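# A structural walkthrough
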Amino acid sequence: MDTRLLRTFTTLARTGSFTAAAAELHLAQSTVTVQIRALEKDLRVRLFDRLPSGAVLTDTGARLLERAQHVLDAEDRLHHEAHTAAPIEGSVTLGASESLCAYRLPLAVAALSRDLPTVEIHMRAVGSPSEASEQLSSGRVDVSLLLESRVDIPHLETEVIGHEPLALVAAPGHPWVETQASLRHPGEQVDLGELGELGELGELNEQTFFLLEEGCSYSDDFARQLLATPGEPPRITRFGSIEAVRACVEAGLGLALLPVVSVAADLASGRLRTLRNFPEVPILMLRHRSRWTSPAAQTVMARLRRLAAEGWVGG
C-alpha cells in the first residue's frame, strides 16, 4: 500500500477539509480527492462523508484512522533509524487545556520555536482527558498537557511536570468578600474535601457557583463536595470556557473555582478577589503508550518539563 495515501487520509481526517489538507500536503485539491478515492477503492470502504461543512469520517474511517497512524509511525521510525545522525526536525502538535493554551504555552512555544528552528510546533485545544485520548490515538496531537488531578486511561502514559494553584474567587461587591475581610485568616488554603471550612463565609446552599464543564476533574471534585453539603444544594452552572466562567463572576453573579494563572490579571487589578486558596492541581503530560514518539516530540517534551520545573519563566 502506498503510504502517501495513508498520510493524505490522516491529514484530511485531522483538518476536515480537502482544501486545508491540500495546502498542508502541498498538493492540488484534485490530487487529494483522487488519492482518497484510490484508498477507498483499495480498501473497499467509504472513509469519509462529503458534506457541505467538510469531510467527516465514517464509522469505518474512524476505526481505521488509528491503524493508519500506526503504519505512518512505523514509516517515520524507519526513516529516522536510517538517518540516526540527522538533525532534530519535523512537526509536533501539542494538545492542551484552555488555561494552559492561553496562559502558559504561548511564550513557551515561542521560546521553543526560537531554540528549535527546524521543528514546527502547533497547538490544539483539548478540553478533557477523553478528548486527549481520542486525539492522541488518532495522531491529531503528539503530546497533551492537561490541568487535571488524575487521568485514568490505560493506554495513556501520564507524567506530572508541574502544578497550578487554584482559588475560589468572587467580584469585589459579593457579600462573601465583605465577610472574608473579618476573618482571622482571609485567603487561607482549604482542601476540596473540607468545604465545611467555608461555613465562615456563609451558607453554601445560598450561593451560585460557576464551574468548568464535566470532565474537568478538579471542578467535578468541587461540585461533588458542594452537592454533598447539608441542606438544599447550591446553584451550579457549568461552562466549557474559562472566559465564560470569569465573565459571570466578574459581573457579580456568583463564585468560581479557577486556576490562579487564569485570573491573575483580574486579581491584580481588583476586578476579582480571592476568597480561599485550594491545593495545587497537577499539570499532566500525556502520550500514547503504543505510538512512536518522534525525536522532535521527545525534544519538545523535555523542554516543556524544564520550563514547567522553572515555573515557565524560561518562556
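Report on the accompanying structure. In this text, all values refer to a predicted model and were calculated from it rather than measured experimentally.

### Re the pairing of strand β9 (residues 255-259)
- Most of β9 sits out of view: five of its five residues are buried.
- Pairing geometry for strand β6 (residues 156-170) and β9, over four bridges, is antiparallel. Across the sheet, the residue bridging to leucine 166 is proline 259, located in β9.

### Quick notes on unusual backbone geometry
- Even without glycine at this site, histidine 26 takes up a positive phi of about 60°.
- Take histidine 26: it is sitting in the loop between α2 (18-25) and α3 (29-43).
- For histidine 26, a relative accessible area of 72% translates into the label exposed.
- The phi angle at arginine 44 is positive, at roughly 60°, despite the residue not being glycine.
- With respect to the secondary-structure elements, arginine 44 resides in the loop between α3 and β1 (48-51).

### Notes on the layout of surface pockets
- Put simply, the second largest pocket is a space of about 240 Å³.
- Lining the second largest pocket are 15 residues, with Ser97, Glu98, Gly127, Leu212 and Gly240 positioned closest to its centre.
- Within the lining of the second largest pocket, the residues separate by chemical class into eight nonpolar, four polar and three charged.

Scoring rules and cut-offs
Residues numbered from 1 in each chain as written. Predicted model: local features only at pLDDT ≥ 70, side-chain atom pairs only at ≥ 80, totals over all residues. Heavy atoms only, no water. Buried < 20%, exposed > 50% of the residue type's maximum accessible area, 1.4 Å probe, protein only. Helix = DSSP H or I, 4+ residues; strand = E, 2+ residues; numbered from the N terminus. Pairing = 2+ DSSP bridges. 1 Å grid on protein atoms, 1.4 Å probe; cavity = no way out; pocket = protein on both sides within 12 Å on 5 of 7 lines; lining within 4 Å. Points joined across faces, edges and corners; volume = space filled by probe spheres on them. Nonpolar A, V, L, I, M, F, W, Y, C, P; charged D, E, K, R; others polar.

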